[in-house]
Amino acid sequence: MSLPVDAPTSADPLEPPPVESLPVETLPVETLPADPARPVPTLRTAHQPGLSAASAVLDAAAGREDAQPYPVPTSPLRPVARPVAVIAEALHPVTDAELGPGVDVRRVDGGDRAALLAAVRDAQALLVRSGTVVDEELLAAAPRLKVVARAGTGLRNVDVRACTHAGVMVVTAPTANLVSAAELTVGLMIAAARRVGAAHASLRHGEWQRDRFVGTELHGKTLGILGLGRVGVLVAQRMAAFGMRLVAHDPFVQAGRAAQLGVQLVDLDTLLRESDVLSVHLPRTTETLGLLGREQLARVKPGLVLVNAARGGIVDECALYDALLEGRVGAAGIDTFAEEPAAGNALLALDNVVATPHLGASTEDALEKAGRSVARSVRQALSGELVPDAVNVHGGVIAEEVRPSIGLTERLGRLFTGLSGGSAVSMDVEARGELADHDVRVLELAALKGALSGVVLDDSVSYVNVSLLAAERGTAVRLITDPESPDHRTLVTVRGTLADAHQVSVSGTLVGTGERQRLVAVDGIDLDVELADHLAFLRHPDRPGTVGVLGQVLGAAGVNIAGMQVVRLDGEVLVALALDSAVPQPVLDTLGNALSASWARTVSLV
């Protein structure tokens, strides 16, 4: 709601002189009628930095076409330093091109610890594969680091917890090597079942011993899949074409989903007992480390072919060595080891073992996909965006429809802190309308990041560590979703309770094809103003002349009014101002005193 411009009163020394030639008091703030006899100057004057919109309106009304804008401060342009990305291992050449010219790419040998620590001193991004150790020492040497990108999936070489505490995002390329890993698994399966490795070595030694290398067919046999994740599913699909019966053990997969894939879910004991071929597809965690030990291998079907192209350490290598010697396990195909490099590993001396040096992701195709993926993630992280492939940001799957509201919610969080003047002991993040159809957990993080950015001074607040910082400060967060939103397609509200039980709330929405951010409520009071970088709010008695005071005081201070909303309350008004620059505190104090304001706040969202 917009109110008429009040007539200035000569009793107040801060008021502008009255304008006799035009009844300004009857005109809305936003518009002036056209007068053919006296054309209104163009709006370029009102949009000059340093000139208040109210002053421009008054000049136009008085016909002062020669009015000069306030002086525009100028400063020489300075080149913007490009963010530094350090590549510590050999990545596909497409990575550089995908990072683009806006990133200063530097290279270092990740195995040279001293050179690495020196190189990351100015780095905002670090790109690695599996050979570069990222730990607390490296993080301490890289105070500007924002993101560690692992061009692959395994994170044995990255201390994710230390990165999280340091506010450093960790991203991977989770889908880049899926097909390559599945195809290598199938290759190892066939090679182990047909004794290809030993036969090849024998042939190279000049031997021709066909009877020594008798293998087994896969057709009609039972393939047991330990872990029916993305690679496990790809392996199942490929081995179904071989005519194999498919069984799997995975407590996190529904039986209906497995049935759609033609896979029967069984418990671990059944899997060990019935499988002719057993393929491991599990991550290496404290729960899976040593999962297939001496006791489990003693219960497998005699002559089992065991394949592990997932993670080393899941199979107890000493127990596997003994089982292979005894014949309990007939053959093994291994791509990953508990300790790598695995040169000198006893398993490599056995004829019934075929092994590769961790080649699951080592195809031209996978390397290119991984390079593209991590480069895109690095660009997103450096621009402050939330990266869907971040492993230490727990915001759920981010739908395209939700992403525009992330920035809106973060700015609402900043506005909440600016208006409340302190930290919340509890906070509600409410998503209404079409947002309620999606997973919006990421909006919790966005609201917290915005709210804490103005409070936490000794830590860098990021999507990575914001939940930890909030917990340390005792801030409880609750997410509320509601499909009902009578006035807006989507509506986000950040509402918090302070230590003194006082509540503050702000609401915003996105409008138009450009999804412009609008502030639509403060403390439950409806308004409509741009959610600009600089805002000011005043609550004061409802009396004539106040708009003129605002225009004169802000204009004299060189602060331009970009947008304005006046809301009438019971004997008072709430004024919301979108501004082109921040309002200095002394200027706000002058405004507050001149308007007898009961409450005044200025907030910068940048």
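Above this text you will find the structure in question.
Residues numbered from 1 in each chain as written. Predicted model: local features only at pLDDT ≥ 70, side-chain atom pairs only at ≥ 80, totals over all residues. Heavy atoms only, no water.

Draft legend 1. Local environment of the sheet that holds strand β15 (residues 490–498). Across the sheet, six strands lie side by side as β14-β13-β15-β16-β17-β18; this open sheet has mixed pairing. The sheet terminates laterally at β14 (476–482) and β18 (525–530), the two strands that pair on one side only. Between one strand and the next, the sheet's axes are offset by a mean angle of 20 degrees, whatever the strand orientation. Here seven bridges tie strand β13 (residues 424–433) to β14, and the two strands are oriented parallel to one another. The residue bridging Ala 431 from the neighbouring strand is Thr 481, located in β14. Against the sheet, helix α14 (residues 403–420) contacts β13, β15, β16 (503–511) and β17 (516–522), and its axis sits at roughly 150 degrees relative to β16. Running at roughly 135 degrees to β13, helix α15 (residues 441–453) makes contact with β13, β14 and β15 of the sheet. (Pairing = 2+ DSSP bridges. Helix = DSSP H or I, 4+ residues; strand = E, 2+ residues; numbered from the N terminus. Axes fitted to C-alpha atoms, helices over the stretch in contact; angles between N-to-C directions. Contact = heavy atoms within 4.5 Å.)

Draft legend 2. Expanded view of helix α12 (residues 317–326). Here α12 has its buried residues at Glu 317, Ala 319, Leu 320, Ala 323 and Leu 324. Projected onto a plane normal to the axis of α12, the buried residues spread over an arc of 155 degrees and lie on a single side. Along α12, exposed side chains directed more than 90 degrees from the buried face belong to Cys 318, Leu 325 and Glu 326. Where α12 is buried, its residues touch α11 (294–297), β10 (304–308), β11 (329–334) and β12 (353–355). Its side-chain oxygen placed 3.0 Å from the backbone nitrogen of Cys 318, Asp 316 serves as the N-cap of α12. Gly 327 sits one or two positions beyond α12 and adopts a positive phi of about 90 degrees. (Buried < 20%, exposed > 50% of the residue type's maximum accessible area, 1.4 Å probe, protein only. Arc of directions from axis to C-beta. Polar contact = N/O pair within 3.5 Å; in protein donor to acceptor, adjacent residues only side chain to side chain.)

Draft legend 3. Expanded view of the environment of Ser 420. Locating Ser 420 in the fold gives a position in helix α14. Residues Ser 420 and Ser 505, spaced 85 residues apart in sequence, show a C-alpha to C-alpha distance of 9.0 Å. Setting aside its immediate chain neighbours within four residues, Ser 420 contacts Leu 498 and Val 504. Engagement of the side chain of Ser 420 in a polar contact is seen with the backbone oxygen of Gly 422, the distance being 3.1 Å.

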